[in-house]
Amino acid sequence: DVKVTQSSRYLVKRTGEKVFLECVQDMDHENMFWYRQDPGLGLRLIYFSYDVKMKEKGDIPEGYSVSREKKERFSLILESASTNQTSMYLCASNLGQGNEQFFGPGTRLTVL
Amino acid sequence: AQSVAQPEDQVNVAEGNPLTVKCTYSVSGNPYLFWYVQYPNRGLQFLLKYITGDNLVKGSYGFEAEFNKSQTSFHLKKPSALVSDSALYFCAVRDGWGGSYIPTFGRGTSLIVHP
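As the structure is a computational prediction, the values presented were derived from the model and not from experiment.

Novice: Help me out: how do you make sense of the overall build of chain A in this one?
Specialist: Helix and strand counts for chain A stand at 0 helices and 11 strands. Counting from the amino terminus, chain A carries its helices and strands in the arrangement β-β-β-β-β-β-β-β-β-β-β. A compact globule built from 112 residues should have a C-alpha radius of gyration of about 13 Å, and chain A, at 13 Å, falls within 12% of that. Along the first, second and third principal axes, the C-alpha set of chain A runs to 35 × 25 × 25 Å. Residue burial in chain A is summarised as follows: out of 112 residues, 50% are buried. Excluding contacts between residues fewer than 6 apart, the proportion of contacts in chain A whose partners are at least 24 apart in sequence is 55%. Accessible surface computed for chain A: about 5400 Å², of which carbon and sulfur atoms make up 49%. Across chain A, the 15 positively charged side chains and the 15 negatively charged ones have centroids separated by 7 Å.

Shown next as C-alpha cells:
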C-alpha cells in the first residue's frame, strides 16, 4: 500500500513564525503536491513538484515556498506565518499524469 | 482550460436508498475523471477513475460512476447507502489533451446518510 505521511496532524504557530510542513511518500512517486483545504473552497493547489529539485507554482503560491531535495520528501514552508494561512494542508503524490493521487492525513495548522 | 462542478453542497439520503452525487466537467480534449472520499479529519481516499473504456466504472466500497460524454457528467452512485458512507466527496478532472497535467478538484459534496 502506498503511504503518504505528514509530519504533524495538528500545529499551532504564532504570526510571523517560519513554519515547515513535511511530507514523505514511500512508493517512489515522481509527482508530489501541496494543497490547502478550506470550507466551501475545496482543494486549492499551492505547489507541485514533478522531480527532485523541480517545482511549479499552483493556484495560490503567495506566502509559501517548497523544497524537494529527495524524491520521497516534499516540504512546504511558510516563510512568515499569517492568520489567513490557518487551514488544513494536504500532501499528495502520484506516479504519472493519468494516475490517481494518494493523500496524506493532513496537517491542521492554526496561526495565532 | 479544465473545470469541474459539483452542483450540490450537500446530499441527504436514507440508509438503504440509492445515492447519487453529481459532477460535471469541462475540458478541451478527453477527460481523466476521478472520485475521492474524505472522512472527518482525514486525507482524501481514491474511489475510482475513468480514463477510457467502459462508461460504467466500478470502484471501492460498492461505489460506481457513469461517464456521460454528451452531458459531460461523471456522477457517483451507490445502489444502497450506508450510514458509514457519510463523508465529503470530491470529483476531479484532468484534460487528457495537452494542457495542465494537474487535476482540478470540485468544491466537494457532503453526503449525509440518515439511519
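Novice: Can you help me understand unusual backbone geometry in this one?
Specialist: Most peptide bonds take the trans configuration, and most residues that are not glycine carry a negative phi. All names here are of chain A. A positive phi angle, near 60°, is found at D28, a position not held by glycine. Within the secondary structure, D28 sits in the loop between β3 (19-25) and β4 (31-38). Residue D28 is classed as exposed on the basis of its relative accessible area of 51%. Not every positive phi belongs to a glycine, and K53 is a case in point at roughly 65°. Tracing the backbone through its elements, the reader meets K53 in the loop between β5 (42-51) and β6 (54-57). Overall, K53 belongs to the exposed group, its relative accessible area being 56%.

Novice: Is there a simple way to explain the sheet that holds β3(A) in this structure?
Specialist: Either a parallel or an antiparallel arrangement is found when strands of a sheet pair, and the pairing is made through backbone hydrogen bonds. Residues and elements named next belong to chain A. Strand order in the open sheet formed by 4 strands is β1-β3-β8-β7, and the pairing between neighbours is antiparallel. Only two strands of the sheet have a single neighbouring strand rather than two, namely β1 (4-6) and β7 (64-70). Pairwise comparison of adjacent strand axes, ignoring direction, gives a mean angle of 20° for this sheet. In this sheet, β3 lies alongside β1 in antiparallel orientation, the contact comprising 3 bridges. Its bridge partner lying in β3, V4 is registered against Q25.

Novice: Even after reading the chapter, I still don't get the packing of aromatic side chains, so can you show me in this structure?
Specialist: Tallied over the entire structure, the rule returns 15 aromatic pairs over all chains. A centroid spacing of 6.1 Å and a plane angle of 80° characterise the contact between F103(A) and F105(B), whose relative ring orientation is edge-to-face. Placement of F103(A) in strand β10 (residues 102-103) and of F105(B) in strand β11 (residues 104-105) is noted, with the two residues assigned to different chains. Taking the relative accessible area as the measure of exposure, F105(B) reaches 9% and is therefore buried. Judged by centre distance (5.6 Å) and plane angle (45°), the ring pair of Y36(B) and F105(B) falls under tilted. Here Y36(B), found in strand β5 (residues 31-38), pairs with F105(B), found in strand β11; they are 69 residues apart in sequence, far enough to count as distant. In terms of burial, Y36(B) and F105(B) fall into one category: buried.

Novice: How should I be thinking about the state of the cysteines in this particular structure?
Specialist: Working definition: the covalent bond between the sulfur atoms of two cysteines is a disulfide. All names here are of chain A. Overall, the coordinates contain 2 disulfides over all chains when judged by the stated rule. Two residues share a disulfide in this structure: C23 and C91, whose sulfurs sit 1.9 Å from each other. Since a negative S-S torsion denotes a left-handed disulfide, the C23-C91 link at about -75° is left-handed. Of the two residues, C23 is situated in strand β3 and C91 in strand β9 (residues 87-94); the sequence distance between them amounts to 68 residues. For the pair shown, C23 and C91 are each scored as buried.

Novice: What's the story with the environment of F46(B) in this structure? I'm lost.
Specialist: By the secondary structure assignment, F46(B) is in strand β6 (residues 44-50). Overall, the relative accessible area of 24% leaves F46(B) in the partly exposed class. Considering only alpha carbons, one finds F46(B) and W35(B), 11 residues apart in sequence, at a separation of 6.4 Å. Excluding anything up to four places from it in sequence, F46(B) contacts E100(A), Q101(A), F34(B), W35(B), Y36(B) and S60(B).

Reading the values: rules and limits
- Residues numbered from 1 in each chain as written.
- Chains lettered and ligands numbered in written order.
- Predicted model: local features only at pLDDT ≥ 70, side-chain atom pairs only at ≥ 80, totals over all residues.
- Heavy atoms only, no water.
- Helix = DSSP H or I, 4+ residues; strand = E, 2+ residues; numbered from the N terminus.
- Rg over C-alpha atoms; globule rule 2.2 N^0.38 Å.
- Buried < 20%, exposed > 50% of the residue type's maximum accessible area, 1.4 Å probe, protein only.
- Contact = heavy atoms within 4.5 Å.
- Areas by Shrake-Rupley, 256 points an atom, 1.4 Å probe, with all protein chains shown as cover.
- Lys, Arg positive; Asp, Glu negative; His and termini not counted.
- Charge placed at Lys NZ, Arg CZ, Asp CG, Glu CD.
- Pairing = 2+ DSSP bridges.
- Axes fitted to C-alpha atoms, helices over the stretch in contact; angles between N-to-C directions.
- Phe/Tyr/Trp six-rings, centres within 6.5 Å; stacked < 30°, edge-to-face > 60°.
- Disulfide = S-S within 2.5 Å.

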